[in-house]
Amino acid sequence: MHDWSEYELETIAVRAGQHRTNEGEQSEPIFPTSSFTFASAAEAAARFSGEEPGNIYSRFTNPTVRTFEERLAALEGGERCVATSSGMAAILATCMGLLQAGDHMVSSRSIFGTTTILFNNFLAKFGVETDFVGLSDYAAWEAAIRPETKLLFLETPSNPVTEMADIKRLAELAHKNGALLVVDNCLSTPILQRPFDFGADLVIHSATKYLDGQGRAIGGAVIGGGESIEAVYSFLRSAGPTMSPFNAWIFLKGLETLSLRMDRHCENALKLAQWLEVQPNVEQVFYPGLESHPQHELAKRQQSGFGGLLSFVVKGGKEAAWRVMDGTQFVSITANLGDSKSTITHPATTTHGRLSDEQKLEAGIVDGMVRVSVGLENIDDIIADLKRGL
Ligand SMILES: *Cc1c(COP(=O)(O)O)cnc(C)c1O
């Protein structure tokens, strides 16, 4: 494998992981095959025993998937990547590979809703307990750690309120206590934030979001090194939620434009945030790129860009928030994010609708809050679309 560590992200995103076949193809081919053949009985035996590297079966490895894995590992600056059938499968595989009954996790409270459900309703059934703490409440992280704590889990920035955590500080806390730090880096992508640079042990992606960037496929990935990524891979290979070659090929197309898209997502989101901040019926805007953001300095230190996601609170509660949403003509009302198409969501009644009033308060979700995943349309058109309902 080529050493990509000397190259810049823009080059890696287009080039890393490609291994041309004898056909001399310029673009990455798809290998839609479930299994692979061997030149001899001896070769088959050597592959199965692990004496000889190479493909056996596409639940284990596939050349198109491997190209995606090598490219994403190089982008994150990680040793090895394993691709999964979804972002949730990546989180599940990480937990199943690394934890056993009696182990304990500490997680940020502000994580993707389905991740909370996975931890509380399913991992708990197998004797893995999770305690939830405020993302940047470092004293609470420390207090929640027990001798059985194996993983610390977080997303930064959080969705929808864009709260951030100092990754380096939490990595040091994890390591001091013999635990690993897992960062779900879906919202930033390696173009804007590289958790390994700050000491994270494993990085998780939902490729469904910015990596694809065009809302067309579901997939995920785990990146890490040594025994921990091998444990995640062992689970995936046995349990099966691996990535299909066709989806890997779609994600490779996405990665080629990732840095360009992230630049534009950031530029548009900042302009929208600045515009929203001076609207008379907007109470508050949450975007790390605004100087008014309480953690703006941390964002500048930890991220090379502020991202495409923002939220704001409209005066007048749910009714006013829904009016903004229903006033749009092209911005899509959907819970998805990271798409080239701008999307708008009312967290209190959709993504965070299952939370109790107290949990909503803790998560900072109020009725007047609207979340926008700012897309690649012209920013003046996006602003005009939101202005109608405001
Ligand atoms: C969407 C999302 C996931 C889950 O990914 P899927 O591909 O939908 O399974 C996990 N984490 C974050 C931050 C997400 O936004």
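Right above here is the structure, for reference.
These figures come from a predicted structure and were not determined experimentally. (Residues numbered from 1 in each chain as written. Predicted model: local features only at pLDDT ≥ 70, side-chain atom pairs only at ≥ 80, totals over all residues. Heavy atoms only, no water.)

A. Highlighting the overall build of the protein chain. For the protein chain, the count of helices and strands is 15 helices and 12 strands. Considered along the principal axes of its C-alpha atoms, the protein chain spans approximately 75 × 50 × 35 Å. Relative to its full complement of 390 residues, the protein chain shows a buried share of 55%. Within the protein chain, counting contacts between residues at least 6 apart in sequence, those at least 24 apart form 71% of the total. Approximately 17,100 Å² of the protein chain is accessible, and the part contributed by carbon and sulfur atoms is 50%. (Helix = DSSP H or I, 4+ residues; strand = E, 2+ residues; numbered from the N terminus. Buried < 20%, exposed > 50% of the residue type's maximum accessible area, 1.4 Å probe, protein only. Contact = heavy atoms within 4.5 Å. Areas by Shrake-Rupley, 256 points an atom, 1.4 Å probe, with all protein chains shown as cover.)

B. Here's a closer look at the nonpolar core. Ranked by size, the top nonpolar core spans 61 residues in total, and within it Phe 68, Leu 272, Leu 276, Leu 310, Phe 312 and Val 372 carry the most contacts. If you tally residues by element for this core, the top one is helix H11 (residues 258–277), at 8 residues. Viewed by domain, this core spans two of them, domain 1 (9–256) and domain 2 (259–389), each represented by three or more residues. Non-local contacts of Val 372, meaning those with residues more than four positions away in its chain, are made with Leu 272, Gly 308, Leu 309, Leu 310, Phe 312, Thr 343, Ile 344 and Leu 386. In terms of nonpolar packing, the next biggest core, distinct from the first, is built from 26 residues, Ala 90, Ala 93, Leu 123 and Ile 229 among them. (Core = buried A, V, L, I, M, F, W, Y, C linked by side-chain atoms within 4.5 Å. Domains from an automatic or database assignment.)

C. Highlighting the sheet that holds strand S6 (residues 202–206). The strand order S1-S7-S6-S5-S4-S2-S3 describes an open sheet built from 7 strands, whose pairing is mixed. A strand with exactly one partner marks an edge of an open sheet, and here the two such strands are strand S1 (80–84) and strand S3 (129–133). Direction aside, the axes of adjacent strands within the sheet are offset by 20 degrees on average. Here S6 pairs with strand S7 (residues 220–224) via 4 bridges, running antiparallel. Residue pairing across strands places Val 203 opposite Ile 223, the latter belonging to S7. (Pairing = 2+ DSSP bridges. Axes fitted to C-alpha atoms, helices over the stretch in contact; angles between N-to-C directions.)

D. Layout of the packing of aromatic side chains. Under the criterion given, the structure shown has 7 aromatic pairs. Taking 6.2 Å as the distance between ring centres and 65 degrees as the angle between the ring planes, the aromatic pair formed by Phe 38 and Phe 48 counts as edge-to-face. Of the two residues, Phe 38 is situated in the loop between helix H1 (9–15) and helix H2 (41–49) and Phe 48 in helix H2; the sequence distance between them amounts to 10 residues. Take Phe 38: its relative accessible area is 25%, and that puts it in the partly exposed class. Where Tyr 57 meets Phe 60, the ring centres are 5.8 Å apart and the plane angle is 75 degrees; that geometry is what we call edge-to-face. When its relative accessible area of 33% is taken as the criterion, Tyr 57 is described as partly exposed. Its relative accessible area of 18% is what places Phe 60 among the buried residues. In this structure, Arg 80 is placed above the aromatic ring of Tyr 233, and the distance from its NZ or CZ to the ring centre is 5.0 Å. (Phe/Tyr/Trp six-rings, centres within 6.5 Å; stacked < 30°, edge-to-face > 60°. Lys NZ or Arg CZ within 6 Å of the ring centre and 35° of its normal.)

E. Quick peek at H2. Those residues of H2 that fall on the buried side of the exposure criterion are Ala 44, Ala 46 and Arg 47. Across the axial projection of H2, the buried residues extend over an arc of 165 degrees, all falling on one side. Along H2, the residues that are exposed and aim more than 90 degrees away from the buried face are Ala 41, Ala 42 and Phe 48. Gly 50 sits one or two residues past H2 and shows a positive phi near 85 degrees. (Arc of directions from axis to C-beta.)

F. Representation of the site of the ligand in the model. Residues in contact with the ligand, as listed here, are Ser 86, Gly 87, Met 88, Phe 112, Glu 155, Asp 184, Cys 186, Ser 206, Thr 208, Lys 209 and Gly 219. One of the backbone nitrogen or oxygen atoms of Gly 87 is found 2.9 Å away from an oxygen atom of the ligand. Across the complex, the protein chains shield 92% of the 380 Å² of accessible surface that the ligand would expose by itself. Residues belonging to the shell around the ligand are distributed by class as follows: 3 nonpolar, 5 polar and 3 charged. (Near = heavy atom within 4 Å. Polar contact = N/O pair within 3.5 Å; in protein donor to acceptor, adjacent residues only side chain to side chain. Nonpolar A, V, L, I, M, F, W, Y, C, P; charged D, E, K, R; others polar.)

G. Inspection of unusual backbone geometry at higher detail. Here Thr 156 and Pro 157 are connected by a cis peptide whose omega angle stands at -5 degrees. In this chain, Asn 159 is followed by Pro 160 through a cis amide linkage whose omega measures 5 degrees. Mapped onto the fold, Pro 160 is located in the loop between strand S4 (149–155) and helix H7 (167–176). Its identity is not glycine, yet Thr 162 carries a phi of approximately 50 degrees, on the positive side. Mapped onto the elements of the fold, Thr 162 is located in the loop between S4 and H7. Located in the positive-phi region is Thr 189, a residue other than glycine, with phi close to 65 degrees. If you trace the backbone, Thr 189 turns up in helix H8 (residues 189–192).

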